[in-house]
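Chains, contacts and geometry: an overview
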Amino acid sequence: MINFVEDKCSNYQHRTFLNIELSEITLAFAVDYTTAGERCTLNYAKICEKPIIQFTINENGRLDASNKEKIEEAIKTIKSNNIGILNIAGNGIYTFNKHGITQERVNELVTNVIDHLLKNSCNIKKIRSGGQTGADEAGLVAGDTFGIETVSFCPKGWRFRTADGE
C-alpha cells in the first residue's frame, strides 16, 4: 500500500512544503522541535494555512501527558473538518537516536496515535510522509499497518539521513 514517489528537487524543504500543501493536517512527532526540519514544517504549515499538531516524545521514549489533549485536539479537528489526508512529520532517527529512542519505538508511538484516531471514527483516507527515518518512516509503518493508502514523497536522489546523521 506504500507508494514511493521521488520529488523533482533534492532539498528537504521542497518536499516538506509539498507534503503539507497536499495534505489536510500535519501530525508532527519529535523529541526536539528546535531542529531546522521542525522549524521548516511549522513555518510551511502556517504558510499553507494547514493545521499542525505537535506530539512531544520525551527522553524516555514516551508521549508526554499533555499529548492526551493533543490526541483529542486531533480527533476534534479531523472530524469537524472532514479531514482524510494526514501528513506525518517529525524528527529523523538521527535526532531520536541522540536521546536513546529507537526507530521501533517511534513506529509504535505513531501507530498507536493513528490507531486511536481510527478507533474514534476519524476517516483517514491517506497518509503522506517525507520518506525520512524516524517519524516519517513511522508514518509509513502506521499506514501500512492499517491498510491506508500511503505516499512516501522523497527528495530527488532518495536522500535520507541515517542514525549517525549521514
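About the thresholds
Residues numbered from 1 in each chain as written. Predicted model: local features only at pLDDT ≥ 70, side-chain atom pairs only at ≥ 80, totals over all residues. Heavy atoms only, no water. Pairing = 2+ DSSP bridges. Helix = DSSP H or I, 4+ residues; strand = E, 2+ residues; numbered from the N terminus. Axes fitted to C-alpha atoms, helices over the stretch in contact; angles between N-to-C directions. Disulfide = S-S within 2.5 Å. Buried < 20%, exposed > 50% of the residue type's maximum accessible area, 1.4 Å probe, protein only. Salt bridge = Lys/Arg side-chain N within 4 Å of Asp/Glu carboxyl O. Polar contact = N/O pair within 3.5 Å; in protein donor to acceptor, adjacent residues only side chain to side chain. Contact = heavy atoms within 4.5 Å. Phe/Tyr/Trp six-rings, centres within 6.5 Å; stacked < 30°, edge-to-face > 60°.

1. What to know about the sheet that holds strand 6 (residues 149–154)
Spatially, the 6 strands line up as an open sheet ordered 1-6-5-4-2-3, and their pairing is parallel. At either end of the open sheet lies a strand with only one pairing partner, and these are strand 1 (2–6) and strand 3 (52–56). For this sheet, the mean inter-axis angle between neighbouring strands, taken without regard to orientation, is 20°. In this sheet, strand 4 (residues 85–90) lies alongside strand 2 (residues 25–30) in parallel orientation, the contact comprising 5 bridges. Bridge pairing links Phe-29 to Gly-90 in strand 4.

2. Notes on the state of the cysteines
Scanning the model with the defined rule gives 0 disulfides in all. Counting only cysteine sulfurs, Cys-48 is the nearest neighbor of Cys-40, a cysteine outside any disulfide, at a range of 10 Å. The exposure class assigned to Cys-48 is buried, which follows from its relative accessible area of 17%.

3. Examining the pattern of salt bridges
Two side chains carrying opposite charge are able to pair once their charged atoms lie near each other. With the rule as written, the count across this model stands at 4 salt bridges. With a closest N to O distance of 3.9 Å, Asp-136 and Arg-15 form a salt bridge. Of this pair, Asp-136 sits in helix 6 (residues 135–145) while Arg-15 sits in helix 1 (residues 12–21), and the two are 121 residues apart along the sequence. Residues Asp-136 and Arg-15 agree in their burial class; the two are buried. Asp-115 is paired through a salt bridge with Lys-119; the nearest N and O atoms lie 3.1 Å apart. You can see Asp-115 and its partner Lys-119 sitting in helix 5 (residues 103–119), 4 residues apart, about one turn around the helix. The class of Lys-119 is exposed, set by a relative accessible area of 64%.

4. Comments concerning the side chain of Ser-129
Structurally, the position occupied by Ser-129 is in strand 5 (residues 126–129). Reaching out from Ser-129, the side chain makes a polar contact with the backbone nitrogen of Gly-131 at a distance of 3.3 Å. In terms of polar contacts, Ser-129 uses its side chain to reach the backbone carbonyl oxygen of Asp-136, at 2.8 Å. Excluding its chain neighbours within four sequence positions, the residues that come into contact with Ser-129 are Asn-19, Asn-87, Ile-88, Asp-136, Glu-137, Leu-140, Val-151, Ser-152 and Phe-153.

5. Digging into the environment of Ile-57
Mapped onto the elements of the fold, Ile-57 is located in the loop between strand 3 and helix 3 (67–80). In this view, Ile-57 contacts Phe-29, Ala-30, Val-31, Arg-62, Leu-63, Phe-96, Ile-101 and Leu-109; residues no more than four positions away in its chain are not counted.

6. Thoughts on the side chain of Asp-136
On the accessibility criterion, Asp-136 (5% relative accessible area) is buried. Of note is the side chain of Asp-136, whose polar atom sits 3.3 Å from the backbone nitrogen of Gly-130.

7. A closer look at the packing of aromatic side chains
Within the structure shown, the criterion is met by 2 aromatic pairs. Summarising the aromatic geometry, the rings of Phe-17 and Tyr-44 are spaced 5.2 Å apart at their centres and angled 80° between planes, so their arrangement reads as edge-to-face. One end of the pair, Phe-17, is in helix 1; the other, Tyr-44, is in helix 2 (residues 36–47), and 27 residues separate them in sequence. Seen in terms of ring centroids, Phe-29 and Phe-55 are 4.9 Å apart; in terms of plane orientation they differ by 10°. Their pairing is stacked. Of this pair, Phe-29 sits in strand 2 while Phe-55 sits in strand 3; the two residues are 26 residues apart in sequence, bridging distant segments of the chain. An identical accessibility class is assigned to Phe-29 and Phe-55; each is buried.

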